Protein chains: 2
Amino acid sequence: MELEKVTKSLAGDDKRRYDDACGLAHALELVGERWAMLILRELAYGPRRFSGLKADLSGISANVLTQRLAELERRGIVRKTRLPPPASVQVYEATEWGLEIEPLIGALGKWAARSPNHNPTLPMSPVSLMMSLQTLFSPERAAGLEARVGFRLGESEYVASVGRERVDIERTDAAGSDVIFSGNSNDVTGVIHGGAPFETITVEGDLGLAKRFLTLFPLPPKAG
Amino acid sequence: MELEKVTKSLAGDDKRRYDDACGLAHALELVGERWAMLILRELAYGPRRFSGLKADLSGISANVLTQRLAELERRGIVRKTRLPPPASVQVYEATEWGLEIEPLIGALGKWAARSPNHNPTLPMSPVSLMMSLQTLFSPERAAGLEARVGFRLGESEYVASVGRERVDIERTDAAGSDVIFSGNSNDVTGVIHGGAPFETITVEGDLGLAKRFLTLFPLPPKAG
DNA sequence: CCGTATCCAATAAGATACTG
DNA sequence: CAGTATCTTATTGGATACGG
C-alpha cells in the first residue's frame, strides 16, 4: 500500500506530463494544477498560515491544500518555515523564484478581467484586492500623487504606497497612513472597484484623497 | 441523453469554478484546463489547422483537442474560420483578445525555464522554438544588429526579424533571409539552444551571422 | 490549530475505432 | 482531413472524521 501510493504519486508526476521542452509546458507542470496559482497569489505579500490560506481560498479543502503546498515545496516554489519567536507558528512562503511569478499572475488576472463573462461581484480575498491595485494602477491618473493608503481587512492590514509609476504593497500596520479603508474585503472591494458608497465601510483620514484614490484603477476594456 | 450531456457540460463549467472575483481565478477558468494554454501557444503566429495542432501538441488526443477548441471558442478566445480561397480550409485562430495572452504565456515559459527540473532535451514544436526566441532575446547582446533569420521547420517557415529591442516573428516564406536554418524543429532547437554543431541541420547564407545569432538567447539562471 | 487518513463521486483524459 | 463516438482508467476534488 505504501509502495502503491508512491507509485501512484510518481505516475501523477510522470504520466500527466506534457512531453515538451517548451518552458510553458513545464510551467504548467509546476503550477498548472487546480488551486496552485491561487495559493501563490495568497503568498504574494508574505508568509501565510495554513488556516489563513484555507479561509481565503474559498472552496478549497484541507487535503487539497496540503497536497498542493507539498508539491509546490518539492518543486522549490514554496518554503515551509517557522515565524521567529514569540510567534513561532508554522507558515508557508514563496521562495525568491516563486515570488517572481507574481507579476505574471497579476497580468493574467488583468487579461481575464476583460472577459465578457467575468463576474466582479463574487467574493474577493484581501490579497486579490491588493494585487488588483497593482495590476490596474494607472500612472497617468495618479500624476503628481504620492500617498500611503491603509487597509484593515479582517485580520490583516496592508499599506498601499502610491508613487509615480507604481503601487507598492506592504502587509503591515495601517496606522499612520494618509487614509484608511476598513471593513471586510468584499465590502472594501465594492467601494474600490464597484463604486459602492463610502458608508458601506469605514473610511478614516483624508477623504479627498480617498475619493481620488478610487479613480486610479480603471477596469480594462471588455473584449469582444 | 442529449439533455444529460448538456447538463454535464454546464456542470463542468459551474461546479469546477473558483468562487472568486479575482481576475486570476477567472483566468484559470478560461484557460486553466490542461492543454488550453499550449493550444493558444500554437496559435501565436497565425491560424492553424486541426491536424497541425494535433501533430504539434505531442500527446493530445483528438477528442480533447476538439473539446478545448470548442470551449475556447465559446469563451471568445479562439475563432473558427475558413482560409480564403483557393486554400479554403478550416482553421482556428486566436481572437484579438486571445492574442494578448501570448506575451504572458511566453513569460511563464521563461520563468519555468529556471526550474531545476526543466528538461530542455524533450521535443519542441516550431512555435515553441519561435516563442523562445522572443522571450529569451537579449537586446544587449544584439546591440547594433539587425537581421532577418529564416527557419524551415518541417512544413512551416518562419522569419525572425532581429531589431534593437526585440525579435518579431512572422510565419512566412524564409527565402530572402540573411541566413536560413532548416531541419526538424528538435534538431534546430538543439543548435539554437543546445549548442549542437551546425552539421546536424542545414544552415544557408551568412554563417557568421548564424554564429552570432546563437548568442542572443541566453538561458535564464537556474533557481535554487 | 494544523493538518492526516479514508472514502466517494465526478470528470477529465487517453486509446481506439469509425464516419462524412 | 477533421473530427465523433465509445469505452476504460485514474486523478481530482470534496466531505468527513480523526490525531498531535
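Residues numbered from 1 in each chain as written. Chains lettered and ligands numbered in written order. Predicted model: local features only at pLDDT ≥ 70, side-chain atom pairs only at ≥ 80, totals over all residues. Heavy atoms only, no water.

A closer look at the overall build of chain A
If you tally the helices and strands in chain A, you get 10 helices and 7 strands. Expressed as lengths along the three principal axes of its C-alpha atoms, the size of chain A is roughly 65 × 50 × 30 Å. Taking contacts inside chain A between residues at least 6 apart in sequence as the whole, the part at least 24 apart equals 57%. Chain A carries 27 positive and 29 negative side-chain charges, and their two centres are separated by 4 Å. (Helix = DSSP H or I, 4+ residues; strand = E, 2+ residues; numbered from the N terminus. Contact = heavy atoms within 4.5 Å. Lys, Arg positive; Asp, Glu negative; His and termini not counted. Charge placed at Lys NZ, Arg CZ, Asp CG, Glu CD.)

Some details on the protein's contact with DNA strand D
Neighbouring DNA strand D are 19 residues; R34(A), N63(A), R68(A), S51(B) and Q90(B) lie closest to it. Within 4 Å of the protein, the contacting atoms of DNA strand D are drawn from sugar and phosphate to the extent of 71%. R49(B) places a polar side-chain atom, nitrogen or oxygen, 2.7 Å from a phosphate oxygen of DNA strand D. Interatomic distance of 2.5 Å between a side-chain N/O atom of S51(B) and a phosphate oxygen of DNA strand D. For the surface near DNA strand D, the secondary-structure elements that each account for two or more residues are helix 5 (62-74) of chain A together with helix 4 (50-56), helix 5 (62-74) and strand 2 (90-94) of chain B. Looking at the surface near DNA strand D residue by residue, the classes come out as 5 nonpolar, 7 polar and 7 charged. (Near = heavy atom within 4 Å. Polar contact = N/O pair within 3.5 Å; in protein donor to acceptor, adjacent residues only side chain to side chain. Nonpolar A, V, L, I, M, F, W, Y, C, P; charged D, E, K, R; others polar.)

Digging into the domain arrangement of chain A
All names here are of chain A. Domain assignment breaks chain A into domain 1 (2-100) and domain 2 (109-216). The distance between the C-alpha centroids of domain 1 and domain 2 comes to 27 Å. Listed as interface residues are 8 residues of domain 1 and, on the opposing side, 10 residues of domain 2. Looking at the side of domain 1 facing domain 2, the largest losses of area belong to R41, Y45 and D56, adding up to 73% of the total buried there. Where domain 1 packs against domain 2, one counts 0 salt bridges. Where domain 1 packs against domain 2, one counts 6 residue pairs in polar contact (both at pLDDT 80 or more). Its residues assigned to classes, the side of domain 1 that touches domain 2 shows 3 nonpolar, 1 polar and 4 charged. (Domains from an automatic or database assignment. Buried area = accessible area lost by both parts, 1.4 Å probe. Salt bridge = Lys/Arg side-chain N within 4 Å of Asp/Glu carboxyl O.)

Thoughts on the interface of chain A and chain B
Contact residues are listed per partner, giving 46 residues for chain A and 46 residues for chain B. Together chain A and chain B conceal approximately 4600 Å² of surface at their shared face, both sides included; 67% is due to carbon and sulfur atoms. Here chain A is connected to chain B by 4 salt bridges. Between D20(A) and R41(B) there is a salt bridge, with the nearest N and O atoms lying 3.2 Å from each other. The interface formed by chain A and chain B holds 14 residue pairs in polar contact (both at pLDDT 80 or more) in total. Sorting the residues of the side of chain A that touches chain B by element identifies helix 2 (23-31), helix 3 (36-42), helix 6 (96-99) and helix 7 (102-112) of chain A as the ones contributing at least two each. Among the elements that make up the side of chain A that touches chain B, the one with the highest residue count is helix 2 of chain A (8 residues). Here the residues of the side of chain A that touches chain B sort into 27 nonpolar, 11 polar and 8 charged.

A word on the packing of helix 8 (residues 126-136) of chain B against helix 9 (residues 185-194) of chain B
The description of two packed helices rests on the angle between their axes and on the distance between the axes. All names here are of chain B. Close contact between helix 8 and helix 9 brings their axes to 9 Å; oriented N to C, the two are set at 20 degrees. One way to sum up the angle between helix 8 and helix 9 is to call them roughly parallel. For the pair helix 8 and helix 9, the sense of crossing is left-handed. The segment helix 8 lies against helix 9, with P126, L129, S132, L133 and L136 engaging S185, V188, T189, I192 and H193. (Axes fitted to C-alpha atoms, helices over the stretch in contact; angles between N-to-C directions. Parallel < 35°, antiparallel > 145°, perpendicular 65-115°, else oblique. Left-handed = near helix turned anticlockwise from the far one by under 90°.)

Some words on the protein's contact with DNA strand C
Inspection of the region around DNA strand C gives 17 residues, with R49(A), S51(A), T66(A), N63(B) and R68(B) positioned closest. Within 4 Å of the protein, atoms of DNA strand C come from sugar and phosphate in 74% of cases. Between DNA strand C and S51(A), the relevant distance is 2.3 Å, taken from a phosphate oxygen to a side-chain nitrogen or oxygen of the residue. Between a phosphate oxygen of DNA strand C and a side-chain N or O atom of T66(A), the distance comes to 3.3 Å.

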